[in-house]
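For reference, the chains in residue letters:
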Amino acid sequence: MTAVGQAAPAFTLQASNNQTLSLSQFHGQNVVLYFYPKDQTPTCTTEACDFRDFHSGFAELNTVVLGISPDSVKSHDKFIAKHELPFPLLADPDHQVAEAYGVWVLKKMYGREYMGIERTTFVIDKEGNIAKVWLKVKVKGHVQEVLQFIKEELQS
């Protein structure tokens, strides 16, 4: 697991709207990097819509929001269009970035074990270091907590 104070693992991924995005292009800005399991599922939709609803607050704090899941770019584009998401979603189909961040884990549901994304949010500071990690995120109130952390801890 990537820990607070460490340099955030670098990545370049295909993103929504025919973009290719690299973490390095956001140097000088804070980045909220949130990993989620699947587009169009109830909890993931709630989380994405919460980030959408507070997007202007993050923008005012020089903070970019990026979502990552194993879904395809095509799936991301549909998800963005349906819910009017104002931030990019990145496709990590081979889960290399999820593994680098330590969020590709063994999960259990209904007695079945499988590998998947553990819902996790990272805040990366302007220098590219991990400033905060939320593991096993519970969606209700989470986005407000992330925004509050950035306001209190990363604004100087």
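Keep in mind that this is a model prediction, so the values were computed, not measured.

## Things to note about the overall build of the protein chain
Part 1: For the protein chain, the helix and strand inventory stands at 5 helices and 9 strands.
Part 2: A principal-axis box enclosing the C-alpha atoms of the protein chain has dimensions of 45 × 30 × 30 Å.
Part 3: Relative to its full complement of 156 residues, the protein chain shows a buried share of 49%.
Part 4: Counting contacts in the protein chain only where the partners sit at least 6 residues apart, residues at least 24 apart contribute 64% of the total.
Part 5: On the protein chain, roughly 7900 Å² of surface is accessible, and the fraction owed to carbon and sulfur atoms is 50%.
Part 6: If you average the places of the 15 positive and of the 18 negative side-chain charges in the protein chain, the two averages end up 7 Å apart.

## Re the pattern of salt bridges
Part 1: One pass over the structure, following the stated rule, counts 4 salt bridges.
Part 2: In this structure, the salt-bridge partner of E47 is R119, at a minimum N-O distance of 2.8 Å. With E47 in helix 1 (residues 42–53) and R119 in the loop between strand 7 (112–117) and strand 8 (120–124), this pair connects stretches of sequence that are 72 residues apart. Each member of the pair, E47 as well as R119, carries the same accessibility label: buried.
Part 3: Among the ionic pairs, D53 bridges to R52, the shortest N-O distance being 2.9 Å.
Part 4: For R52, a relative accessible area of 27% translates into the label partly exposed.

## Remarks on unusual backbone geometry
Keep in mind that most residues, glycine aside, have a negative phi and that most peptide bonds are trans.
Part 1: Backbone geometry at N17 places phi at a positive 60°, although glycine is not the residue there.
Part 2: Take N17: it is sitting in the loop between strand 1 (12–15) and strand 2 (19–22).
Part 3: Here N18, not a glycine, exhibits a phi torsion of approximately 60°, which is positive.
Part 4: Its place among the elements puts N18 in the loop between strand 1 and strand 2.

## Observations concerning the pairing of strand 7
Part 1: With 6 bridges connecting them, strand 6 (residues 104–109) and strand 7 associate as antiparallel partners. Bridging across to strand 7, M109 finds its partner in R112.

What counts as what
Residues numbered from 1 in each chain as written. Predicted model: local features only at pLDDT ≥ 70, side-chain atom pairs only at ≥ 80, totals over all residues. Heavy atoms only, no water. Helix = DSSP H or I, 4+ residues; strand = E, 2+ residues; numbered from the N terminus. Buried < 20%, exposed > 50% of the residue type's maximum accessible area, 1.4 Å probe, protein only. Contact = heavy atoms within 4.5 Å. Areas by Shrake-Rupley, 256 points an atom, 1.4 Å probe, with all protein chains shown as cover. Lys, Arg positive; Asp, Glu negative; His and termini not counted. Charge placed at Lys NZ, Arg CZ, Asp CG, Glu CD. Salt bridge = Lys/Arg side-chain N within 4 Å of Asp/Glu carboxyl O. Pairing = 2+ DSSP bridges.

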